Amino acid sequence: MAIQITAHDRRRKVLSRLVEVACAGSVMLALAPLALVLYFVLSQGLPALSLAFFTNMPKPVGEPGGGMANAMIGTLILLGLAGALAVPVGIACAVYLAEYPKRRLAQAATFAADILNGVPSIVIGIFAYVIAVLPFRRFSALAGGFALGVMMIPIVVRTTEELLALVPPSLREGALALGATRGRATWSVILPAALPGIVTGVLVALARVAGETAPLLFTSFNNQFWSVRLDKPIASLTVQIFTYAIAPYEDWHRQAWAGASVLIGAMLVFSVLARTVTRRLERMHRP
Amino acid sequence: MSSDAPAAAEAGIRIKTEVKPTSGPVPDASVAIEIQGVGIAYGDNQVVHDVTMDIPEQRVTAFIGPSGCGKSTLLRCLNRMNDLIDSARVMGKIRVKGQDIYAPGTDVIDIRRRIGMVFQKSNPFPKSIFENVVYGLRIVGVRDRATLDEACERSLRGAALWEEVRDRLKDSALSLSGGQQQRVCIARAIAVEPEILLMDEPCSALDPIATVKIEELIYALKEKYTIVIVTHNLQQAARVSDRTAFFWLGRLVEYGSTSDVFTKPREKLTEDYITGRFG
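Only a predicted model underlies this, so the values are computations on that prediction, with no experimental measurement involved.

S.K.: So what about the overall build of chain B? Which residues, and what values?
M.R.: Looking only at helices and strands, one finds 12 helices and 10 strands in chain B. For chain B, buried positions account for 48% of its 279 residues. Relative to all contacts within chain B whose residues are 6 or more apart in sequence, the contacts with residues 24 or more apart total 69%.

So, in structure tokens, the structure goes:
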């Protein structure tokens, strides 16, 4: 018997097609800003990039050329400080949350981490200013690292906590059945099992705070000179870009674009690195 | 095992497992675990009622019964794994070699070192085969490489796995097959030389060939260890165990030598279960 194609069927097909097109359109819409950002930053920034940009210090106003060597090193130092604060604190906190999820302190910490995650970065900056700048009466790399670290902690806590929860309970049972203490089981079995994911989480968190400007404006401030001292103001890519972008000099604008493309490039390297490291660790842990 | 056991196994699927009769009936072996009036409850829900039995040393004792009859729960009390469940409550007395393991102040860690456990689903750690096997030694602080190497080889031989993995001890234990993983778990359990080995349906996730290997292993292991095995597989209980306990709705219905339980059960309930009328 031939299948009758009714008006209803036809309408259904048209509707299906329409929804498909609408979905595809939304994907385009979502991707468009990303593509545009990349296009503008790279089209303006790449021509301004040169080897000198990576190796030279900023030149005084009016002198053409110069680079952001100090700002790149500065950003790396700030990220190192942020990681040194956020990774141990964040992982320890996540372990506590995973081990004692029912305790009131744990529930409070989960809630606090979610709130902290949503706090505008400028507020984190003010907080770090009050805690780490005012008492010492100077801007410093340490204060900037502290601000970024505070921003990282909730991200590290939440990703680590989720990954620890994914480790099968049978692994813990196996360790305990061999006479391991609870702490030992966590340290030597649960954490290593979750390690690949934790590393990814930390790298993602680092990439996220690497692009922050607001918390650095009044903590690590900026520095036009070469400085790796932790108790002194230190340059960073983001603050340098900000400073150059709002200045009235054509040459500085070009430098700001170049700095922005370096930052975007670094993000790309970070995410590729995160993937490779994760995959290598996973190979140890899975067949 | 007495010579009646093969007849019991005959009824079901025959896998190439020799049921080796031990020389003559085994007279009163000394008691490894005394269970006296034990009841276990999760919150208000009592799942094991008033179980009293003695588990003999260097014998294989099988717990059988339909799902939810409390046999795994009871097994997990023997090394205090039920401590992990907050709501679990144990009444009565359990003595291991005379020591009341639920007495206040008992060192649970020590109990678990003396009583090894193999789980239903193999749970190798995401580490190398070597690190899996020596884990129990590492946590008591053994560092000496030669000791660890020796223990690794001895345990893997004990678990009949040495020949298969000797060249790849550094590989992840997760790269092994299911049956091999379960034998890694057995090797891990015997590496610390426990007095008693608890096995919670160790073959339920394995294919028949791997099952045969594990069963042969259990047979060899009872030379040294007291083994308590929970199984859903009646043929397996008949093949590997010396004594069988049949549980039903949280009660111990019948407990005796495996040949008696399978060939001339005292209780109607046992007979019905063994002949497949329910369960």
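Picking up after the structure, the text goes on.
S.K.: Give a description of the packing of helix H3 (residues 69–99) of chain A against helix H6 (residues 141–166) of chain A that names residues and reports values.
M.R.: All names here are of chain A. With their axes 6 Å apart at the nearest point, H3 and H6 run at an angle of 35 degrees to one another. When the axes of H3 and H6 are compared, the crossing they make is right-handed. For the contact of H3 with H6, the class distribution of residues is 24 nonpolar, five polar and one charged.

S.K.: How would you explain the nonpolar core if you had to name every residue and give the values?
M.R.: Within the largest apolar cluster, 147 residues are counted, with the highest numbers of intra-cluster contacts made by A:Met152, A:Val156 and B:Leu197. Apart from residues no more than four positions distant in its own chain, B:Leu197 is found in contact with B:Gly116, B:Val118, B:Ala189, B:Ile190, B:Leu221, B:Tyr225 and B:Ile227.

S.K.: Provide a residue-level description of the sheet that holds strand E3 (residues 60–64) of chain B, including the pertinent values.
M.R.: Strands in a sheet are paired, the pairing made by backbone hydrogen bonds, and the direction either parallel or antiparallel. Residue and element names in this part refer to chain B. Strand order in the open sheet formed by six strands is E6-E7-E8-E3-E9-E10, and the pairing between neighbours is mixed. The open sheet is flanked by strand E6 (115–118) and strand E10 (251–257), the only strands paired with a single partner. Adjacent strand axes in the sheet meet at a mean angle of 15 degrees, parallel and antiparallel pairs treated alike. Pairing of E3 with strand E8 (residues 226–230) involves four bridges; the strand directions are parallel. Note on E8: the bridge partner recorded for Val-60 is Ile-227.

S.K.: So, the packing of helix H8 (residues 178–191) of chain B against helix H9 (residues 208–221) of chain B: which residues are in play, and what are the values?
M.R.: Residue and element names in this part refer to chain B. Where H8 meets H9, the axes come as close as 9 Å, and the angle between the chain directions of the two elements is 20 degrees. By the angle between their directions, the pair H8 and H9 is classed as roughly parallel. Pair H8 / H9 crosses with right-handed handedness. Residues Gly-178, Gly-179, Gln-182 and Ile-186 of H8 pack against Ala-210, Lys-213, Ile-214 and Leu-217 of H9. Class assignment for the residues of the contact of H8 with H9 results in four nonpolar, three polar and one charged.

S.K.: Pulling in residues and values, what's your account of the interface of chain B and chain A?
M.R.: Taken together, the 20 residues of chain B in the interface contact 18 residues of chain A. Where the side of chain B that touches chain A is concerned, the elements lending two or more residues are helix H3 (108–114), E6 and helix H5 (135–139) of chain B. Tallied by class, residues from the side of chain B that touches chain A come to 10 nonpolar, six polar and four charged.

S.K.: Any details on helix H1 (residues 7–48) of chain A? Residues and values, ideally.
M.R.: All names here are of chain A. Spanning 42 residues, H1 covers 61 Å between terminal C-alpha atoms, matching the ideal 62 Å at 1.5 Å per step. The sharpest bend along H1 reaches about 30 degrees and sits at Leu-31, with the proline Pro-33 one to four residues further on. Little of H1 sits out of view: just one of its 42 residues are buried.

Conventions we followed
Residues numbered from 1 in each chain as written. Chains lettered and ligands numbered in written order. Predicted model: local features only at pLDDT ≥ 70, side-chain atom pairs only at ≥ 80, totals over all residues. Helix = DSSP H or I, 4+ residues; strand = E, 2+ residues; numbered from the N terminus. Buried ≥ 20, exposed ≤ 12 C-beta atoms within 10 Å, placed from the backbone. Contact = placed C-beta atoms within 7 Å. Axes fitted to C-alpha atoms, helices over the stretch in contact; angles between N-to-C directions. Left-handed = near helix turned anticlockwise from the far one by under 90°. Nonpolar A, V, L, I, M, F, W, Y, C, P; charged D, E, K, R; others polar. Core = buried A, V, L, I, M, F, W, Y, C linked by C-beta atoms within 7 Å. Pairing = 2+ DSSP bridges. Parallel < 35°, antiparallel > 145°, perpendicular 65-115°, else oblique. Expected span 1.5 Å × (residues − 1). Bend = angle between axes of the 7 residues up to and from the residue.

Keep in mind these values describe shape, not function.
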